[in-house]
Amino acid sequence: MNDEQLSSKKILILGFGKEGQSSLNFLIKKFPKIKIGVADKKHLEDFDEKSIQYLKQNKITLHLGSDYQKAISKYDVVFKSPGVKLKAKPKGYITSQAEYFLKTHNKKVIGITGTKGKSTTASLIYKILKDANTNVALIGNIGVPPLDYYDEKNIDIFVFELSSFQLENLKISPHISVLLNMFEEHLDYHGNKENYWNTKANIAKWQDKDDFLIYNFESKEIKKIISKFKGTKIPFSLKRKLEKGTYQKGGFIFHKEEKIIGKNDIPLKGQFNQNNVMAAINA
């Protein structure tokens, strides 16, 4: 759905936390005449005074309290905030900040996900690029809603930390994606490990041949899931022993028919830290 189509729709912001408030601010500025509603399980008095005044000032239609999701059927488009679990299948189009941002900016995005280490790796990549005098922004699950940077024209690269909640229902992937690891987590939300892992895989599932996927070569789960993905695959690994079909040169481990997958002498303690560094270097 493009901006012209969106400007004529009734839009509901589902979940009014930090990202939901960012979505409202963005939509009001971009589409000043659009009809917007806000739905949240909290009651009005539970929000801070600034948020309350902002909602009243802009005459936003409110759907608050335990039955807040009943409002979904009244809107054409739903901007769903991360972590808000839909209780029923909506009639309208479901989108999110992550999807809206990536539709316009994905070729300038390095996206990072994983059950563990995504904040560390995103911060490392940001620091590397910043030190190289690149105009870079760190956004996403790290604490900065992506739409806060939507109109920033002077940013060359967006380092986007993506949680499973932000990757849910996504049908567009970053130009460069980093998939660190996949363990069992958030199963109360996703239902089972397969759903969780498939949601994580959205970070690269929609890439084309001109995109890049940096992934953990030691994860059988990741290798199985990404086998048919179209992006150029760049594996990383920190195995101390060389496997069949690999060789070592200059401290780096090379794999037959693949690019650099690891380095043996990163001076950091802990395998997770070393994997994070290796992924950041490849990115």
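Procedures and definitions
Residues numbered from 1 in each chain as written. Predicted model: local features only at pLDDT ≥ 70, side-chain atom pairs only at ≥ 80, totals over all residues. Heavy atoms only, no water. Helix = DSSP H or I, 4+ residues; strand = E, 2+ residues; numbered from the N terminus. Buried < 20%, exposed > 50% of the residue type's maximum accessible area, 1.4 Å probe, protein only. Contact = heavy atoms within 4.5 Å. Areas by Shrake-Rupley, 256 points an atom, 1.4 Å probe, with all protein chains shown as cover. 1 Å grid on protein atoms, 1.4 Å probe; cavity = no way out; pocket = protein on both sides within 12 Å on 5 of 7 lines; lining within 4 Å. Points joined across faces, edges and corners; volume = space filled by probe spheres on them. Nonpolar A, V, L, I, M, F, W, Y, C, P; charged D, E, K, R; others polar. Pairing = 2+ DSSP bridges. Axes fitted to C-alpha atoms, helices over the stretch in contact; angles between N-to-C directions.

(A) How the structure looks around the overall build of the chain. When helices and strands are counted, the chain shows 11 helices and 14 strands. Counting across all 283 residues of the chain, residues that qualify as buried make up 48%. In the chain, 62% of the contacts between residues at least 6 apart in sequence involve partners at least 24 apart. Working note: accessible area of the chain is about 14700 Å², and carbon and sulfur atoms make up 50% of it.

(B) Summary view of empty space enclosed by the protein. Following the criterion strictly, the structure yields three cavities of 30 Å³ or more and no others. What the largest cavity holds in volume is close to 130 Å³. Elements that contribute at least two residues to the lining of the largest cavity include exactly β5 (93–95), α4 (97–105) and α6 (164–167). The dominant element in the lining of the largest cavity, judged by the number of residues it contributes, is α4, at three residues. When grouped by side-chain class, the residues that make up the lining of the largest cavity number seven nonpolar, six polar and four charged. Put simply, the second largest cavity is a space of about 60 Å³. If you trace the second largest cavity, you find it lined by M1, L6, V77, F79, Y93, T95, E99, Y100 and K103.

(C) Fine view of unusual backbone geometry. We note that K59 has phi near 55°; this positive angle belongs to a residue other than glycine. Structurally, the position occupied by K59 is in the loop between α3 (49–57) and β3 (61–64). With phi around 65°, N169 is a residue other than glycine that occupies positive phi space. Its location among the elements puts N169 in the loop between α6 and β9 (176–179).

(D) Looking closely at the sheet that holds strand β2 (residues 35–40). Strand order in the open sheet formed by five strands is β3-β2-β1-β4-β5, and the pairing between neighbours is parallel. The outermost strands of the open sheet, each flanked by one partner alone, are β3 and β5. Taking each pair of neighbouring strands and ignoring which way they run, the sheet shows an average axis angle of 20°. By the bridge criterion, four bridges tie β2 to β3 in an arrangement that is parallel. Bridged to A39 within β3 is H63.

(E) Local environment of the sheet that holds β9. What the six strands build is an open sheet, ordered β7-β8-β6-β9-β10-β11; its pairing is parallel. Since the sheet does not close on itself, it has two edges, and those belong to β7 (136–140) and β11 (232–236), each with one partner. The sheet shows a mean angle of 20° between the axes of neighbouring strands, direction not considered. Along the sheet, α4 makes contact with β6 (109–113), β7 and β8 (157–161), crossing β8 at roughly 155°.

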